[in-house]
Amino acid sequence: MEESIEILLDYLESNKAKDLAVFDARQQKIDEDFVVLANFPNCIENKLFAENFMKKLGIEEFPEGYNKGEWIIFSFNGILLHTFIPVKREKYNLDKLYQSQKIDLKGPKKSKK
């Protein structure tokens, strides 16, 4: 898996994101190479993650979905990151849309340097 995806996954895990999923979107008709899905338990925690992530990346404009906090979308470095509250992720079911491109996260991780 690409190093930037691994860094993102570590960051999401350290911020208590749940139900992480990564999809290889290079065969899709979108601009990004990978799609990452993550859950936060509620809108407040999703928005808090978004604010901290914006600071980390130096993003000044709020991403799409920030105001409601139910489904927030970031696009950066060839990655499309969707952060959800569980009910919205279940409703829109992007996991099913990309299921054939899912990357197994249980495989061995590269050692950290």
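Criteria and thresholds
Residues numbered from 1 in each chain as written. Predicted model: local features only at pLDDT ≥ 70, side-chain atom pairs only at ≥ 80, totals over all residues. Heavy atoms only, no water. Salt bridge = Lys/Arg side-chain N within 4 Å of Asp/Glu carboxyl O. Buried < 20%, exposed > 50% of the residue type's maximum accessible area, 1.4 Å probe, protein only. Helix = DSSP H or I, 4+ residues; strand = E, 2+ residues; numbered from the N terminus. Expected span 1.5 Å × (residues − 1). Arc of directions from axis to C-beta. Contact = heavy atoms within 4.5 Å.

## Quick word on the pattern of salt bridges
Then comes step 1: Throughout the structure, instances matching the rule amount to 3 salt bridges.
Then comes step 2: Between Arg26 and Asp24 there is a salt bridge whose closest N-O contact spans 2.7 Å.
Then comes step 3: Judged by its relative accessible area of 44%, Arg26 falls in the partly exposed class.
Then comes step 4: For Asp24, a relative accessible area of 21% puts it in the partly exposed group.
Then comes step 5: The shortest N-O distance in the salt bridge between Asp95 and Arg89 comes to 2.8 Å.
Then comes step 6: On the basis of relative accessible area, Asp95 is assigned to the partly exposed category, the value being 23%.
Then comes step 7: According to the relative accessible area criterion, Arg89 is buried, its value standing at 8%.

## What about unusual backbone geometry?
Then comes step 1: Despite not being glycine, Asn77 has its phi angle at roughly 45°, a positive value.
Then comes step 2: Here the phi dihedral of Asn93 falls at roughly 45°; this positive angle occurs in a residue that is not glycine.
Then comes step 3: Note that Asn93 resides in the loop between helix H3 (86–92) and helix H4 (94–97).

## Some details on helix H2 (residues 43–57)
Then comes step 1: For H2, spanning 15 residues, the distance from its first C-alpha to its last is 21 Å, which sits close to the expected 21 Å at 1.5 Å a residue.
Then comes step 2: Within H2, the full set of buried residues consists of Asn46, Phe49, Ala50, Phe53 and Met54. Around the axis of H2, the buried residues are gathered within 135° of arc, so they sit on the same side. Away from its buried face by more than 90 degrees, H2 exposes Ile44 and Lys55.
Then comes step 3: For H2, the elements touching its buried residues are helix H1 (3–14), strand S3 (71–76) and strand S4 (79–84).

## What to know about H1
Then comes step 1: Its 12 residues place the ends of H1 17 Å apart at the C-alpha level, agreeing with the 16 Å of an ideal helix rising 1.5 Å per residue.
Then comes step 2: Looking only at H1, the buried set comprises Ile5, Glu6, Leu8, Leu9, Tyr11 and Leu12.
Then comes step 3: Looking at the buried residues of H1, the elements they touch are strand S1 (18–24), strand S2 (34–39), H2, S3 and S4.
Then comes step 4: Positive backbone phi, at 65°, marks Lys16, one or two positions downstream of H1.

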